[in-house]
Protein chains: 2
Amino acid sequence: MVQRSEFLVQIADVRSTLVRMTGLTRDAISDASAALLTVSIDPVPRVRDLRTEISALAAAVEHDVYVVLAMQQPVASDLRTVLAALRSAANLHRMGVLSSHLATIAERRYPAPAVPAELLSVITDMADVAERLILKAGSVVARLDATLAAELVADDDAMDALHRKLFLILLNNWSHGVAAAIDTTLISRYYERFADHAASIGEEVRYLVSGERPPLDSGDDPWFDTVS
Amino acid sequence: MVQRSEFLVQIADVRSTLVRMTGLTRDAISDASAALLTVSIDPVPRVRDLRTEISALAAAVEHDVYVVLAMQQPVASDLRTVLAALRSAANLHRMGVLSSHLATIAERRYPAPAVPAELLSVITDMADVAERLILKAGSVVARLDATLAAELVADDDAMDALHRKLFLILLNNWSHGVAAAIDTTLISRYYERFADHAASIGEEVRYLVSGERPPLDSGDDPWFDTVS
């Protein structure tokens, strides 16, 4: 019984680290979007610092999970919890990296805008969806709410729809040159992957609660649906 | 002692599944590259089948790892081995997904080529590096060779150099329109991520052998180095 209560304390610590990581990731994507959408480099160093901090916490979760596995040797749903934590930390780590990629695009183009005027609306929508997803992911991890976790997957579909919309605009009389086309292709791809990782966290929590492992994410690229 | 020998049998099974996955992933990237470079859709269904098979094996590795953790409760280097296997399976799964993304680009453009003539040389080089990386990753997993594992990381740098080279060509008098610019940006990104995942497998094996966990991959995007 002592061992079990020790496990519960350790896993509560891991979970609170994950919740903290979701908060930092929200700040990272929010600052990165601000850099892109308001044409400012002020937020860029902060995004990089956040990315570093998120990666350090991901490494800390890995370490803690290793210790829990070695010392507590959890089974059944406890083991599922630990593995879900490990994968969620990896997802959050990647979301931090993607945020810093977005910030870097803003920085490279500054003082010119990286996002042409006609794409501001769709990228603003992507930024909003991304922020909603990470906010929700935080609640999902904090409350282990399977219903909210399912919503994350639906929100990911909203991002895919925006990704398609962006490509339709890009293909319709684009006048901003190749460099801007490359930038916006990558911006869109990074937001899309950010959303995929948030959805994966939702899948992890559903797995935790249900015990059923979902199919591995397909990572489908909705760009292909825009061009028949 | 019985338990220890059982563990060794189980982990040998997991490792042979991983080696088999590297073989399938090699076939997948090779077929996807053939579809792109020879302007053929014949290989495309095979790439999709391979992707499905790789994902199924990744799920099997996850399941086996779960069973090993629950039944054998490994510690120290045995525990490291199990976690490295779990992460390597995830890397190979993503490499299968990226291969199918590449095949889908070829399919969407067919019978037109997805790769304009002036980029054939650099994309051919990317395809060669990708195939060399996955071949080497197979040997690294089969032999747990830390020296070869370190080479994987160096080969990943070769891919980053090609990624930069491609963007320089794209930015220099591009005459193939926006759709082709989007295609080649994504093709290049997918090869680059494929290489990142191979390098991650190398890092896993170095971790296994040394016990030291590397920093989480930065996933830097060499595109940004091309434009100052």
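In this convention, every chain numbers its residues from 1, walking through the sequence in written order. Chain letters and ligand numbers both follow the written order, the letters beginning at A and the numbers at 1. Residues qualify for local features only when their pLDDT is at least 70, as the model is predicted, and side-chain atom pairs are given and counted only at 80 or more; totals for whole chains, interfaces and linings, by contrast, use all residues. Only hydrogens and water are set aside when side-chain values are computed; all heavy atoms of the structure are taken into account.

In the annotation of an unreviewed UniProt entry, chain A is listed under the name Phosphate signaling complex protein PhoU and assigned to Fodinicola feengrottensis.

Q: I would appreciate a short explanation of the overall build of chain A in the present structure.
A: Elements are defined by DSSP. Helices are runs of H or I of four residues or more, strands are runs of E of two residues or more, and each kind is numbered from the N terminus. Broken down by element type, chain A carries 7 helices and 0 strands. Taken from the N to the C terminus, the helices and strands of chain A come in the order α-α-α-α-α-α-α. Whereas a compact globule of 228 residues would reach a radius of gyration of roughly 17 Å, chain A reaches 19 Å, a difference of no more than 12%. Viewed in the frame of its principal axes, chain A has a C-alpha envelope of about 70 × 40 × 20 Å. Only protein chains enter the accessibility calculation, which uses a 1.4 Å probe; a residue whose area is less than 20% of its type maximum is buried, one above 50% is exposed, and one in between is partly exposed. A total of 228 residues make up chain A; the buried ones form 57% of that total. Based on C-alpha atoms, the radius of gyration is set beside the globule rule, defined as 2.2 Å times the residue count to the power 0.38.

Q: Just to check I follow, could you spell out unusual backbone geometry for this structure?
A: Backbone phi values are negative for most residues with the exception of glycine, while trans is the configuration of most peptide bonds. Proline 111 of chain A follows tyrosine 110 of chain A through a cis peptide bond whose omega is 5 degrees. Looking at where proline 111 of chain A falls in the secondary structure, it is placed in the loop between helix 3 (76-109) and helix 4 (120-143). For leucine 144 of chain A, which is not a glycine, the phi torsion comes out positive at approximately 50 degrees. Along the polypeptide, leucine 144 of chain A turns up in the loop between helix 4 and helix 5 (146-170). Look at leucine 144 of chain A and you get partly exposed, because its relative accessible area is 29%. Residue alanine 76 of chain B is not a glycine yet carries a positive backbone phi of 50 degrees. Take alanine 76 of chain B: it is sitting in helix 3 (residues 76-109).

Q: Please explain the nonpolar core as it appears in this structure.
A: As a rule of thumb, soluble globular proteins bury nonpolar side chains together. Grouped together as the largest cluster of nonpolar side chains are 142 residues, with contacts concentrated most on Tyr191 of chain A together with Tyr191 of chain B. Residues contacting tyrosine 191 of chain A, with those up to four places away along its chain left out, are Ile29, Ser33, Leu36, Leu102, Ile123, Met126, Ala127, Ala130 and Met159 of chain A. Each nonpolar core is a collection of buried residues, namely Ala, Val, Leu, Ile, Met, Phe, Trp, Tyr and Cys, held together in the definition by side-chain atoms within 4.5 Å. Residue contacts are defined here by distance: any two heavy atoms, one from each residue, within 4.5 Å place the two residues in contact.

Q: I tried to follow the UniProt feature "domain: PhoU" (unreviewed entry) in chain A on my own but got confused; where do I start?
A: Residue and element names in this part refer to chain A. UniProt positions are given in the numbering used here, feature names are shortened, and annotations may be inferred rather than shown by experiment. Following the UniProt record, the feature "domain: PhoU" (unreviewed entry) maps to residues 18-105 and 123-205 here. Segment residues 18-105 splits into 90% helix and 0% strand. End C-alpha atoms: 27 Å apart. In the segment residues 123-205, helix accounts for 90% and strand for 0%; the C-alpha atoms at its two ends are 28 Å apart.

Q: Please clarify how the pattern of salt bridges should be interpreted in this entry.
A: Opposite charge on two side chains permits them to pair, given that their charged atoms come into close proximity. Take a side-chain nitrogen of Lys or Arg and a carboxyl oxygen of Asp or Glu: if they are within 4 Å of each other, that pair is a salt bridge. On inspection of all chains with the given rule, the structure shows 30 salt bridges over all chains. The salt bridge partner of arginine 109 of chain B is aspartate 183 of chain B, with a shortest N-O separation of 2.5 Å. In this pair, arginine 109 of chain B sits in helix 3 while aspartate 183 of chain B sits in helix 6 (residues 177-210), placing the two residues 74 residues apart along the sequence. Comparing arginine 109 of chain B with aspartate 183 of chain B shows no difference in burial state: the two are buried. If you follow the salt bridges from partner to partner, you end up with Arg132, Lys136, Glu151 and Asp155 of chain A in one network.

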